[in-house]
Number of protein chains: 2
Amino acid sequence: MKYLNQYVETFQEALKQNEFKDEPKELYEPINYILTLGGKRLRPIITLMATDLFGGDMSQAIKPSLAIEYFHNFTLMHDDIMDKAPLRRGKTTVHEKYNVDRAILSGDALLIKAYQYFEDLPDNKFKEIVTLFSKTGQDLCEGQQYDMNFETQLEVTEEEYMKMIYYKTGVLTAASFKIGAIIADASPEDANHIFDFGKHLGIAFQLKDDLLDVYGDSSKVGKMHAGDIFENKKTILFIKALEKANEEQATELRYWYKLNTENIDKVYSVENIFKQLRVDHMVEREILEHTKLAKQYLEKIEGIENKKVLKDFCDDLIGRSF
Amino acid sequence: MKYLNQYVETFQEALKQNEFKDEPKELYEPINYILTLGGKRLRPIITLMATDLFGGDMSQAIKPSLAIEYFHNFTLMHDDIMDKAPLRRGKTTVHEKYNVDRAILSGDALLIKAYQYFEDLPDNKFKEIVTLFSKTGQDLCEGQQYDMNFETQLEVTEEEYMKMIYYKTGVLTAASFKIGAIIADASPEDANHIFDFGKHLGIAFQLKDDLLDVYGDSSKVGKMHAGDIFENKKTILFIKALEKANEEQATELRYWYKLNTENIDKVYSVENIFKQLRVDHMVEREILEHTKLAKQYLEKIEGIENKKVLKDFCDDLIGRSF
């Protein structure tokens, strides 16, 4: 995605410039560590891009874009504790490298730092953006709780699942766009349209992520093939399959999703049912639906001339095979 | 403290009115639980009192005072995990009653809720107060990290200790006063003076807390006598004692503070050294010093007529025997 290069470079440079040198180092070391683990940096890049495309001054969006990346990493630090995840992006997670206490406290500090990175904005924009940011944070906490509930919940409806991924992925993507729009003085209508564009793009992105767990090129995905199945994650694949399954298939699916096993037969059996039911087609249709909705909102935006960038961005995120 | 009654009642009523009814209940239940455990509610009361004494509209300070109590309880939820504390105010702590994951996530949600409770303020006050609030949060995280460092740090200087209690107790007390002042449109000078008043009052309060651990009326303190000694906490008593101790006393003190034992001889021996060295006198002197400083800042305030309330408040907090 070459057209993103200028935003990526601006962001990476800012991230480096803003490495935390505060004391006590025990608090800031885990923060600097997680921030150097990499990742796609999609959210802060979205903010920079939105500011730029709406004709705003990108330099004003730099610290807010850092705020968004800090916020995202705060959630990763705490979620990894809850998920007991040993690895993040192939590297040791914060609570494993240091300890749980430090991952909690450094996460807290990082969330507060995120709020501080909006302080250069004028009063009115500060309030509008911080209000949106807090609402986003609240939604994310609620989404994470729903996700945790699903682990022990016997049946998860598609509606419940869609709400959860909207909270966990859609909202922050949407807010990242809208924050850029506000910084660039976009009209309130346009700011809402790009929010909705981001919302559906975020949902489509997450559904694609679910799909790639089984149907992706695992050598490129960078994650273990069918990791979600091993972890009994009730993703959209499982939910769609259960909707369409006959009694025998449903019994088998439920059987496997109750077992904690590394047995490869589990993946074979579950994937076999997925294939019989053509789950991938159903999910592809859902992804297409949200991509279409995203593009409809994009059409409505009046303050952006160069919409091609956003269309390409959308297609690249959704079209990816890993 | 009868003169506080109106603030206490206003706050308690607001707390009840604002019980969280949001979904998912798994996220908000631990929040409602910790908020009903009671406590002195000093910080929110301070905000209401400051707004009132500076002649402001107390109704505008209600949600900010809730924000401060939420923030305080967020820190308690997370600190209790780190301290592995089974009890808080005589009741089961959140991570013990629910689990660590929920205590982390509900704490995060409560911090974000705190930020949201400033949103009724006009743009300029919102920014000024949220900026102060974030700085306070940052200081508290740093203070908590220093406190954790002290557990394994062999020697803690008085300077390091004073900085830690300023971060952990002084700053939030100070900010609670200043937020009330800002809401009431106090002059910037007065807002800073009441901040400094609160800072020294908070420090004196914490030193008094340290003192009461050994020298308090444990039937009234509501905590186990000499709990800090059992937990090897390097409080001001220990630090002052070590400063003045001869070689033999120092060796004995260090010996006991390395042991994890329930042996009552530990308390006898340590308290005996404290008494030989008249540690209580030294700490009393320090408390007096900070009380004096607090009152000097109180004198400088121009926008409050009825300073007696604040003097009484100061004397009552510092004069308490439990």
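Residues numbered from 1 in each chain as written. Chains lettered and ligands numbered in written order. Predicted model: local features only at pLDDT ≥ 70, side-chain atom pairs only at ≥ 80, totals over all residues. Heavy atoms only, no water.

Engineer: Hey, could you run me through the relation of the copies chain B and chain A in this one?
Structural biologist: Superposition of the two copies of the chain requires a rotation about an axis and a shift along the axis. Its rotation angle being 180 degrees, the transformation that places chain B on chain A also includes 0.0 Å of axial translation and leaves an RMSD of 0.1 Å. Viewed as a symmetry operation, the transformation between the two copies matches a two-fold axis. In terms of proximity to the rotation axis, the leading residue of chain B is B:Asp123, whose C-alpha is 2.7 Å off the axis. Looking at the interface residues of chain B, 100% of them are also at the interface in chain A, so both copies use one shared face. (Least-squares fit on C-alpha atoms with pLDDT ≥ 70 in both. Contact = heavy atoms within 4.5 Å.)

Engineer: Looking at this model, I keep getting lost on the packing of helix H12 (residues 236-244) of chain B against helix H13 (residues 247-256) of chain B. Mind explaining?
Structural biologist: Describing two packed helices takes the angle between their axes plus the distance from one axis to the other. Residue and element names in this part refer to chain B. For the pair H12 and H13, the least separation of the axes is 8 Å and the interaxial angle reads 150 degrees. Comparing the axis directions of H12 and H13 gives the class roughly antiparallel. The element H12 and its partner H13 pack so that their crossing is left-handed. Only Ala-250, Leu-253 and Arg-254 of H13 make contact with H12, whose side of the interface consists of Phe-238, Ala-241 and Leu-242. Looking at the contact of H12 with H13, its residues break down into five nonpolar, no polar and one charged. (Axes fitted to C-alpha atoms, helices over the stretch in contact; angles between N-to-C directions. Helix = DSSP H or I, 4+ residues; strand = E, 2+ residues; numbered from the N terminus. Parallel < 35°, antiparallel > 145°, perpendicular 65-115°, else oblique. Left-handed = near helix turned anticlockwise from the far one by under 90°. Nonpolar A, V, L, I, M, F, W, Y, C, P; charged D, E, K, R; others polar.)

Engineer: Looking at this structure, I do not really get the interface of chain B and chain A. What am I missing?
Structural biologist: Where interface size is given, it is often the accessible area lost as the parts come together that is meant. Facing the 42 residues of chain B at the interface are 42 residues of chain A. With both sides pooled, the region where chain B packs onto chain A buries about 3800 Å², and carbon together with sulfur makes up 65% of that total. Per-residue buried area on chain B facing chain A is highest for B:Leu105, B:Ile112 and B:Lys127; these three make up 16% of the total on that side. Our count for the chain B to chain A interface comes out at zero salt bridges. (Buried area = accessible area lost by both parts, 1.4 Å probe. Salt bridge = Lys/Arg side-chain N within 4 Å of Asp/Glu carboxyl O.)

Engineer: Is there a simple way to think about the pattern of salt bridges in this case?
Structural biologist: Pairing between side chains becomes possible if they bear opposite charge and their charged atoms approach one another. Residues and elements named next belong to chain B. Applying the stated criterion across every chain yields a total of 30 salt bridges over all chains. Between Asp-120 and Lys-63 there is a salt bridge, with the nearest N and O atoms lying 3.3 Å from each other. Taken together, the residues Asp-120 in the loop between helix H6 (100-116) and helix H7 (123-152) and Lys-63 in helix H4 (residues 62-82) connect sequence positions 57 residues apart. The exposure class of Asp-120 is exposed, given its relative accessible area of 60%. What makes Lys-63 partly exposed here is its relative accessible area of 31%. (Buried < 20%, exposed > 50% of the residue type's maximum accessible area, 1.4 Å probe, protein only.)

Engineer: Help me out: how do you make sense of the domain arrangement of chain A in this one?
Structural biologist: Residue and element names in this part refer to chain A. Split into domains, chain A comes out as domain 1 (1-186) and domain 2 (188-322). The centre of domain 1, based on its C-alpha atoms, is set 22 Å off from the matching centre of domain 2. Both faces considered, domain 1 and domain 2 share a buried interface measuring about 2900 Å² in area, 72% of it formed by carbon and sulfur atoms. Of all residues in domain 1, Leu-53, Glu-158 and Tyr-161 bury the most surface against domain 2, accounting for 21% of the area lost on that side. Here Lys-240 and Glu-158 are joined by a salt bridge, their closest N and O atoms 3.2 Å apart. Between domain 1 and domain 2 we count eleven residue pairs in polar contact (both at pLDDT 80 or more) in total. Ranked by the residues each element gives to the side of domain 1 that touches domain 2, the list is headed by helix H8 (residues 158-183), at 14 residues. (Domains from an automatic or database assignment. Polar contact = N/O pair within 3.5 Å; in protein donor to acceptor, adjacent residues only side chain to side chain.)

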